[in-house]
Structures are given as structure tokens and as C-alpha cells.
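Structural description and commentary
Each chain, letter by letter, is given below.
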Amino acid sequence: MFVRASKLAIIASAVAGLAVASAAHAQDIKYPVDTVTLVTHSSPGGGTDVYLREMVKFLAPAMGAEFAVENVRGGSGAKAIAKVANSPADGSVFYGSTPSYINMSLLSKPEFGHDSVEPVVRVFLDPQVIYVRKDSPLKSFTDIVASAKANPGTQKWGTGTPASLERQALEEFKTKAGVDVTIVTHDGGGDMMINVLNGSLDLGIGEIQEFRGQLDAGEIRVIGVFTDERLPDFPDAKTAKEEGIDMVVKKFRGIVGPKGLPPEVIQAWEAGVTKALLDPEFQKWYKNASLIPAFMTHEEFTTFMASVVREQEAFFKEYNITSAD
Amino acid sequence: METLLISLNALISPALLAAAFGGVLWGIVGGALPGISPSITMALLLPFTYGMDPTTGVVLLAATYVGAEYGGSIPAILINTPGTNAAAATVLDGYAMNQRGLAGEALGISLVCGVIGGLFGLALLVGLTQPLAKLALLFTPPAYFALGILGISVIATLNEGALVKALMSAVIGLMIATVGSDPFSGVNRFTFGRPELLDGIPYILIMIGVYALSELYIQAGEPGWEKPKKFVTVKLPGWVMWKRIWPATAIGSVIGGFEGITPGAGGTVASFMAYNETRRWSKHPEEFGKGAPEGVAGPEAANNVVACSALIPTLSFGIPGSNSTAILLGGLLLHGLVPGPLLFTQHPEVIYGLFGGLLTANLAMIPLGILIMTPCLWLVTQPKPLLSAGIYALIFTGIFSIHNDAFDIGLALVAAILGYGLKYFKFPFLPLVLGTILGYMLESSFRRALLMSNNDYSTFVTDPIAAGMLGVACLFVAGSIGRSWWVSRRQRAAA
């Protein structure tokens, strides 16, 4: 078994075009299974799908296993979670997760939800930013609040789906700033961006990838970020914290697996993801995609996830977002 | 100049040539099989484009779309069954021409008008994509709502004398579209605890169910498909014929261009509008339905224009103008190509490669369209049970491949029973399908518009685009009521 796994690791490393030295290093890692399937609810080409397919190129040599990405769509992730929850906890099947599966579990109460699976590691944070069209007078969080206070009840802020983390962020921002604005939900980043561009909305919240095309064309500007620190790509966009709004949005991308995973599998993931994140090629890719590496070990991620669940529950309760039953 | 070179390079690059020819061939076959829509034909290819170079993958998908729009007319003309939704308008006169022994001519008209339409659409695509990136911006939520209402009104008034049935059918479609999570509160509506229904009922299942499967149910109770006359060959239109059909081709091209650019219903609406307008402007409107060649030329030009012009909003803004361009959008995103104004400056090789590939695909359609007739004829002359079983297998494979879930097959079968019932009571399908497609957009843009205007309904008339489109929709419905009132009065007077 050891021989086979290490051979595989060498082959995988060689395929990835890595130096012999790293292949030798890979020999001391033995992952219990040959092929790992990463399940995603995202469609081929969707955000999560693309990131998983990119990451496995670097995970394969780092962990000494082959990876496959499987798109299990439908039910807002319910089917993907059900598949992972019903898979053996031997390190062969995982779910490439975003916070959406927690929302789905809380709102739709499916047979298999967030409590049927176990967090493994956190990998990235997707920075949530506030953007406006190029001729908007708004330039900072301070401007936004001032403008909303000067024109109560007339400003319109755009956000994603009703149960999304982006919506939650804007509601929190609205409450903390103490302003009277209308928060308008959308089906996704695309239609929101159009409404920002055509002036129907005063601002929108989203991820940089969603509007990269318009951003590079200079049609829209990023004026603020909900991260701990300013983003290197947008040095002029201040964080909410800097401007006295004490909030950080943590939209994560991580790995979740079936319950009862053996410790060596979890360790292999912790080591593998850490190593992949250090790979210069991968760094180049995720910097370009505006993802912030935000690795968390199994233990940290479990605690983090529990707090996310609590916050989401409170948010749904406060804004009366419930399932019909 | 440089861009021209890239396009020219696309004309001679072996990989792109293969993609353009292969796409057209696969598209014609897929389009010719009743029930397999251009979007399904393309969706089946999508996984294969993963490993391809981005330009090749995108050209392959676009060429498939082009081929499928022509392929759909083959069974429409030969066996009275549209191979694609957009070919449903071709059935009316194409099949009538076949019954008059003019199948070859009908196929020839479809092919040539399709190619002309395709080239016209391509010219629009090349010329308008960048400027139109700005037009999409004018569509505010009230305008999107008005666009949906206009689409449904146009379709409902296509059915002469059956306006009420058509509107009822549209309402059933809108009702189907309410299944799933509420777009604003997130509440689950009519999901009956099934996680599969959370995202709503995919309209592709309704389309397959009411069109293809219910057709198979009905066919099962009938003696056998009419066999096309042996050795039908494509007869390209001669000068006399061409003189007769060019106005129809021009009308179809303009309507197709407009429909393709406007995000929404796509080729089907364009075909029917083209059919209607061609008849309205024809010198011989009485021949329509009895085998008028203009009745084939108009819709076939229109749906092939859409195959190219629907790429305009897709490329310039990432808003697909039809189901098929939605698949193409998936193909672009798969390779990390983000639609938008900058796609042209950052990835000119893909865009101009696509333009070149589409030119090849449209030109390749004439020889390929003639060549593939024999295998297509062989296919449709097979015993009906075998062919039906084969189509069921293809449809179920296609449906299953969407979510890898047999539940979807069940949904499509239920939709087929609905379709069977509607057909039995002579309700038109198209309003239902359009209602299903547009329902979500209608509802969410209606509610979003009200949210933005603080529940002030005047927002639908103060937005100029919305007011204009709603006004046109009223004219369509009023015109249809007026016409049927006029007809019934004349009938009474005659009696």
C-alpha cells in the first residue's frame, strides 16, 4: 500500500512538473486512498467549481493522491451534502463548500444538512466589497452613510439572494450606520451589476470576480471593503472598520467531509492545503482571482463554522426569513 | 487589421475548421431529432470542451447552435414535427409544401435562408456587440418586467381566435414558474419538502415534456409517422423562387436580429413573429398554411439570425438571449473568459476566432446540409417504435445528464401528461413554455421594481422603455380581440 501510494505521489508530482526534491518530500505522506472526489454544488465553470479544479492541481502532489471534481447540482447544494454525508468517512469524498450550504440547511431543513457533515479545513475568504458606477459621487463608507442620512428612504442598495451572506452584510451595515435605505435583493451578481451601472441602485455588494470585466473597463469603482485589511489590488478602498463601522464579512471557501474522519486524513488535508497555498503558481492564480488565503485547521474551522451557523440563525430570525413549513 | 488576421486565421486553422464542421454536423443531427433542442445538443458537448483550447470549444458550441437551427426544419418539413422549438413555425408551411410534393424545395429554402440569416446575424454580431454593451444598461427592472409581458402578449396573440386559451396556457406556465424558493423572502413555495424542487422546475424539462414527450405519447396512439418520399434531395432555390422569397428572408432577418439582441425568449419568438409578419406583408397571405415558400423562408431566416445575434448580449454583457446561448456562456466561463467590454481587448483571439469560426460554420452549412440529408432521411424512415425508443433514450439521457437525477425524468413525464391534456383540449403550448421561461424574470423584476419605487406602481409607466413595451403589448392584445370580433361579426353577417 505504502509503495503504491508513494509511486502515485511521484507520478503525480512528475505530471505536475515539480522538481524531484518535492517528489522525495511527497514520499513521506501517505494518504489512505488513491482517488479523492471533491463534490461541488456548483455547475461546471461556476466559481466553486473553477477554484476546486485549480486547487487540486496543487493538492495532488502535496497530498499524494489523485483528485476528481464532481458536480452534484440541484437543491441549492442539498444533493451534494446528501452525497457527502452518505459517503464512507475514509478520506475519499469531500464537499468543496461555501457558506451557502449552511443557509440551505437552515432554511430548507433537508434530511442531510450542515450537522450531517464535518468541517475539515478552511482555505480562502472571498472579500466582499462595495462598488458603485464610475460617475457616482460616493467614494467611501463615510460618503455612503452621509448620503443615506441626507436622503432618508430614497437610497437603494443592491445585494444577492435574500438568504445570502451579502444580504446579511448589508442589513448589518444598515443597522450599524443607523440609516433608512432600501435593500434590494437580486438573483445574482450579474443582474445586480447592471442595476448599479444603469443607476437603478446607488451601490452594490459583491465579489470582485463577479464584476471584473466592468471593473477593468473603468465602468465601476470599488469604494469599500468588508475585510480586516485593505486589499492589495484596491489600496484606496478603505475597510469598513477604518471608517467606524465595526464589521468584517467572512465568506469562506473550505473543505467539508463526512462525519467521523480519521485523524490522519484530517492531518493530511491540513498539511496538503498549507503546502498548496504556498505554491507560487497557485498563489499567482488565487491573487488574480482576488481570493484571500485564510487557512484554518480542522479545530479552528469547526469553531468558526459553529459561530457562522449561530450568526446565520439569528439573521434569519431577525429578518423573518424562514422556510414555509 | 490585426483582428481581421485573427479571424482569417480562424478560417484556416485545422482545429477551428474541425470544430466548425463538426459542430454544424452534430447540430444538424441533434436539431433534426424531435425533442432534442439546440440547447440539449450543445449541453451534451459541453463536458467535452473542458479539455479544449478556449477558442475551439466556443466555436464548437456556436457552430452546433447554427447547425441545430437548420436541422430543426428537416423533421418539421418531412414528418410534421419540429425538431427544435424555433422550427415550430416552419411546420405550418414546410409540411404543407411537402404534401404538395415540394419537400426538396422546402429544405433548400430552409437551408439557403438559414445561411443568409446566419450571415446577417454574424454581421450584426461583428458590428453591434461592442456598441450594444451599452444598450443592455437601459434595461431597468420595470423594463425587464415590460419585456416579459410583451413577450407573452405577442405569443398569446399568435393563436388566432384562441386568445383566451393562449392566455390561460401562459398563466399555467407562470404558475409552474412559482415553484421553488421565493426570489425575495427565500420562502419555499410548492416544494413539498423535495430538495430537488428548491431551485424551481427547470424550464428545459417542461419544454421536453410538453413538446417532445407528449408528442411521443400522441404518436404512440397513431398508426405511424408518415414516411418521407424516398430520395428527397435538397433543391436550392432558383432565381424565380428567390425573387419570391427574398422579402420574407429580409423580414425574418430583421426580426431575428431584433429578437436575438433583446435578452429573453430567443429563436422561437423570432420564428413566429417572422411568420406572422411575413404573412402580413405578403401579396398572397391566403397561401400561408397551404405551402407558401415564404412561410418557410421567413422563420428559417429568423431563427438562424438569432443563432448568431443572440451572442451579442451574451458576449457584450453576459446576458444570454436564449437557452442555447446560456450554454455557450457556460462554455466561456468554463475557460475563465468573463463576458464584458474588455473581453474584446483582453481575449481578442477568442472573440475574433469565434467570428471566423461562425463564418466557416455558416458557409459549411450548405454542403453539410446537403450531405447529411441521406443519413437524416435514413433516420426518420426507421420503424417508428425503434425510433421512438431511441428518442426516449436520448431524451432521458439528456435530462439525466443535467442533474444526474432520475427525479427530473419524472418531472418531464408529468409535464408530458400535462402537454398531452393541453393538446387534447387544443390549448397552445408556446404560451405555457414562455410563461415558464419568463415567469421568474417577470415576478422578480416586478417585485424588484416595486421595491425600488417604494410600492409606487407608476414606475412601470414613468420608465420610457417599460411604458413603450407595455403599450405595444396592449396594442397586440387589443388588435387580436378586435380582429376576432370583426371576424365573428362578418361570419354572423354571412350566416
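Report follows, based on the coordinates.

Conventions we followed
Residues numbered from 1 in each chain as written. Chains lettered and ligands numbered in written order. Predicted model: local features only at pLDDT ≥ 70, side-chain atom pairs only at ≥ 80, totals over all residues. Heavy atoms only, no water. Helix = DSSP H or I, 4+ residues; strand = E, 2+ residues; numbered from the N terminus. Buried < 20%, exposed > 50% of the residue type's maximum accessible area, 1.4 Å probe, protein only. Contact = heavy atoms within 4.5 Å. Areas by Shrake-Rupley, 256 points an atom, 1.4 Å probe, with all protein chains shown as cover. Salt bridge = Lys/Arg side-chain N within 4 Å of Asp/Glu carboxyl O. Pairing = 2+ DSSP bridges. Axes fitted to C-alpha atoms, helices over the stretch in contact; angles between N-to-C directions. Core = buried A, V, L, I, M, F, W, Y, C linked by side-chain atoms within 4.5 Å. Phe/Tyr/Trp six-rings, centres within 6.5 Å; stacked < 30°, edge-to-face > 60°.

**With respect to the overall build of chain B**
Along the backbone of chain B there are 23 helices and two strands. Relative to its full complement of 495 residues, chain B shows a buried share of 59%. Summarising the internal contacts of chain B: among those between residues at least 6 apart in sequence, 78% fall at separations of at least 24. Split by element, the accessible area of chain B, about 19,400 Å² in all, is 71% carbon and sulfur.

**Overview of the pattern of salt bridges**
Residue and element names in this part refer to chain B. The full count for this structure, using the stated rule, is 19 salt bridges over all chains. For the salt bridge of Glu294 with Arg244, the shortest nitrogen-to-oxygen distance reads 3.1 Å. Of this pair, Glu294 sits in helix α13 (residues 294-309) while Arg244 sits in helix α11 (residues 239-261), and the two are 50 residues apart along the sequence. Given a relative accessible area of 31%, Arg244 falls into the partly exposed group.

**Digging into the side chain of Ser140 of chain A**
Residues and elements named next belong to chain A. For Ser140, the location among the structural elements is in the loop between β5 (129-133) and α6 (141-150). Given the relative accessible area of 11%, Ser140 is considered buried. For Ser140, the residues in contact, after removing those within four places along its chain, are Ile223 and Glu243.

**Here we look at the sheet that holds strand β12 (residues 292-296) of chain A**
All names here are of chain A. Ordered in space as β2-β1-β3-β11-β4-β12, the six strands form an open sheet in which the pairing is mixed. At either margin of the open sheet sits one strand with a lone partner, and together these are β2 (66-71) and β12. The average undirected angle you get between the axes of adjacent strands in this sheet is 25 degrees. The strands touched by helix α10 (residues 263-278) are β1 (35-40), β2, β3 (93-97), β4 (117-126), β11 (251-258) and β12; relative to β4, the strand with the most contacts, the crossing angle is about 10 degrees.

**Observations concerning the pairing of strand β9 (residues 220-225) of chain A**
Residue and element names in this part refer to chain A. With five of six residues buried, β9 is to be regarded as a mostly interior element. Both β9 and strand β10 (residues 238-239) contribute to a ladder of two bridges, which runs parallel. In the sheet register, Gly224 faces β10, and the bridge partner there is Lys238.

**So, the nonpolar core**
One recurring pattern in soluble globular proteins: nonpolar side chains tend to sit buried together. Counting residues in each nonpolar core, the largest one holds 114 residues, and the members touching the most others are Tyr70, Ile74, Leu78, Leu107, Leu315 and Leu358 of chain B. Beyond its immediate chain neighbours, meaning those up to four positions away, Ile74 of chain B contacts Ile28, Ala32, Leu107, Met373 and Cys376 of chain B. If you look at the next biggest cluster of nonpolar residues, it comprises 34 residues, including Leu52, Ala65, Val123 and Phe124 of chain A.

**Considering the sheet that holds β9 of chain A**
Consider a sheet: its strands pair through backbone hydrogen bonds, and that pairing is either parallel or antiparallel. With mixed pairing, six strands are arranged side by side in an open sheet as β7-β6-β8-β5-β9-β10 (chain A). A strand with exactly one partner marks an edge of an open sheet, and here the two such strands are β7 (182-185) and β10 of chain A. Strand contacts of helix α7 (residues 165-177) of chain A: β5, β6 (156-159), β7 and β8 (203-206) of chain A, with the helix running at about 150 degrees to β6 of chain A, the strand carrying the most contacts. Lying over the sheet, helix α21 (residues 430-452) of chain B contacts β6 and β7 of chain A, oriented at roughly 170 degrees with respect to β7 of chain A.

**Details of the packing of aromatic side chains**
Residues and elements named next belong to chain A. Taken as a whole, this structure holds 27 aromatic pairs over all chains when the rule is applied. Seen in terms of ring centroids, Tyr131 and Phe211 are 4.2 Å apart; in terms of plane orientation they differ by 35 degrees. Their pairing is tilted. A residue pair is termed long-range when its members are at least 10 positions apart, and Tyr131 in strand β5 and Phe211 in the loop between β8 and α9 (212-216) qualify at 80 residues. Ring pairing ties together the aromatic residues Tyr51, Phe58, Phe124, Phe282, Trp285 and Tyr286, which thus form one cluster.

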